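# Secondary and tertiary structure notes
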Amino acid sequence: MKLTHSKSLLVLGLLAASLLPAAAAPDADQLLRQMSAKLAAARSFSFEANRKIDLVLVKGLNLPENAHLVLTVLRPNKIAAESTSKGEVRHFYADGQNLSLVDVTKNLYATVPMHTSIDGLVAELDQKYGFTPALAELALSDIYQDIRGKAQSVAYLGEGTDSGGSACHRLALPGKIMDAELWVGVSDQLPKRLITTLKHRPGKPQIKLDFSNWNLAAKTTDNNFAFVPSKGAVKVPMIATAEMEAAQKTNNVTQN
Amino acid sequence: MKSFLLHQLSWNSFRKNVTILFAATTLLLASNEAFGWVAAGGGGRGFAVAGRGYGCAGVGRYGAVGFRGGLPAGYYGTIPGAYRAVVYGGYNCYYSGGVYYRPAFYQGNTVYIVVR
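### A few points about the overall build of chain B
Helices and strands together make up the secondary structure of chain B, namely one helix and six strands. If you list the helices and strands of chain B from N to C, you get α-β-β-β-β-β-β. Residues counted as buried form 40% of the 116 residues belonging to chain B. A sequence separation of at least 24 residues applies to 37% of the contacts in chain B between residues at least 6 apart.

Put into structure tokens, the structure is as follows:
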């Protein structure tokens, strides 16, 4: 068979390419470290997120399927968050001394003492009140350690383009019950998307978060984190986990 | 006849026990899976970055969706839409359908405790 000159060049090119080592995939663990370091270095920052919870997870629970979240952080101990969903607006303030939770729609609020850093706040809230503020983990001083403590491994999945059109590294973070996929911006090393999959539930429902408007030099003052009750606001108790557990022992548990 | 009755009694008792066991197992699974607590991730922790709290309950530190452990009788995650705000027993309450509900926060969400 007679090969033309151009075909010969093509064959030679393919042979050469096959002999070259394949381009190594980026180091997923290193990307996670870079993201963590970048956020840890920001003293005052803010970002937004759109969250979508698969319907099967919210059905019958009076939970919002879609929510828009805004988080503002001033290290080491101030954090404020807003959540807006259909028919419900809620705020969260922690100023290093007190924590206030506000149901803006119903004009209810609760304030409890919380003299701690952001790291301490996440741990103490979880331990005492059984919840953590949404996305607060992204304000921890060492996100890498937190994520690595939860994920069984870290692997590189490839590149993707987020809703804002930015190129992202896709990292796989498998867990025992949930698997997470974290998208980190190629150019800015910031979180762009998080998809968690409850892998053992029928249909493998997901919770998706799209991050946007990162500002790592946000101009914040103490006022951003100070809660002042609005006119007519009603103060309500914040029930601790221990109190509810005691009530659960004496009453039947319902599904409400 | 006596032997037959004993057999029936024993069989009925067995069936009752199996039914109770089945019901208990279903309840346990329901409380763990259907609406609540799901231990997740390494060391029983989940991806809290999805977050829960201030009313946007998603996946919490333990992967919880909804109220971890459920709510005791007399506690509700929601109340009937047609309510009015009243003061009852010294508390700010909501009155609906002949019932007074006192609002509170639990696991970052608004819950309602039946006062009367």
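Further notes follow.
### Describing the sheet that holds strand S1 (residues 44-53) of chain A
All names here are of chain A. Within the open sheet, the 12 strands sit side by side as S7-S8-S9-S10-S11-S1-S2-S3-S4-S5-S6-S12. Their pairing is mixed. Two strands in the sheet have a free side with no partner beyond their single neighbour: strand S7 (155-161) and strand S12 (234-235). Taken together, the seven bridges between S1 and strand S11 (residues 206-215) define a ladder with antiparallel strand orientation. Looking at S11, one finds that Ala49 is bridged to Phe211.

### Things to note about the confidence of the model for chain B
In the predicted model, chain B carries a mean pLDDT of 60, and 41% of its residues have values of at least 70. Interface scoring of the predicted complex returns ipTM 0.81; its pTM is 0.76.

### Observations regarding the pairing of strand S5 (residues 99-106) of chain B
Across two bridges, the pairing between strand S13 (residues 238-239) of chain A and S5(B) is parallel. When the bridges of S5(B) are listed, A:Met238 appears paired with B:Phe105. Two elements, strand S4 (residues 91-96) of chain B and S5(B), share three bridges in a ladder whose sense is antiparallel. Of the residues in S5(B), the one forming a bridge with B:Tyr94 is B:Tyr101. Hairpin geometry of S4(B) and S5(B) is characterised by an intervening segment of two residues between the two adjacent antiparallel strands and by a positive phi of about 55° at B:Gly97. Hairpin connection from S5(B) to strand S6 (residues 109-114) of chain B: two residues lie between these consecutive antiparallel strands, with B:Gln107 at a positive phi of about 50°.

### With respect to the pairing of S4(B)
All names here are of chain B. Bridge count for strand S3 (residues 84-88) against S4 is five bridges, and the pairing is antiparallel. Across the sheet, the residue bridging to Val87 is Asn92, located in S4. Linking two consecutive strands that pair antiparallel, namely S3 and S4, is a turn of two residues; a positive phi of about 60° is found at Gly89 within it.

### Things to note about the environment of A:Ala24
Tracing the sequence through the fold places A:Ala24 in the loop between helix H1 (5-19) and helix H2 (28-41). Separated by 80 residues in sequence, A:Ala24 and A:Val104 have C-alpha atoms that sit 50 Å apart.

### Structural notes on the packing of H2(A) against helix H5 (residues 143-150) of chain A
Residues and elements named next belong to chain A. One way to put it is that H2 packs onto H5 with a least axis distance of 8 Å and a crossing angle of 140°. Taken together, the axis directions place H2 and H5 in an arrangement best described as oblique. Facing H2, whose interface residues are Leu32, Arg33, Ser36 and Leu39, H5 presents Ile143, Tyr144 and Ile147. For the contact of H2 with H5, the per-class residue count stands at five nonpolar, one polar and one charged.

### Looking at helix H4 (residues 118-129) of chain A
All names here are of chain A. For H4, with 12 residues, the first-to-last C-alpha span of 15 Å sits near the 16 Å given by 1.5 Å per residue. Along H4, the positions that sit buried rather than exposed are Ile118, Leu121, Val122, Leu125, Asp126 and Tyr129. End-on, the buried residues of H4 take up no more than an arc of 120°, which puts them together on one face. Structurally, H4 contributes buried residues whose contacts are with strand S3 (78-85), strand S4 (88-94), S13 and helix H6 (241-250). Where H4 ends, the next residue or the one after it, Gly130, has phi of about 75°, a positive value.

The rules behind these values
Residues numbered from 1 in each chain as written. Chains lettered and ligands numbered in written order. Predicted model: local features only at pLDDT ≥ 70, side-chain atom pairs only at ≥ 80, totals over all residues. Helix = DSSP H or I, 4+ residues; strand = E, 2+ residues; numbered from the N terminus. Buried ≥ 20, exposed ≤ 12 C-beta atoms within 10 Å, placed from the backbone. Contact = placed C-beta atoms within 7 Å. Pairing = 2+ DSSP bridges. pLDDT = per-residue confidence, 0-100. Axes fitted to C-alpha atoms, helices over the stretch in contact; angles between N-to-C directions. Parallel < 35°, antiparallel > 145°, perpendicular 65-115°, else oblique. Nonpolar A, V, L, I, M, F, W, Y, C, P; charged D, E, K, R; others polar. Expected span 1.5 Å × (residues − 1). Arc of directions from axis to C-beta.

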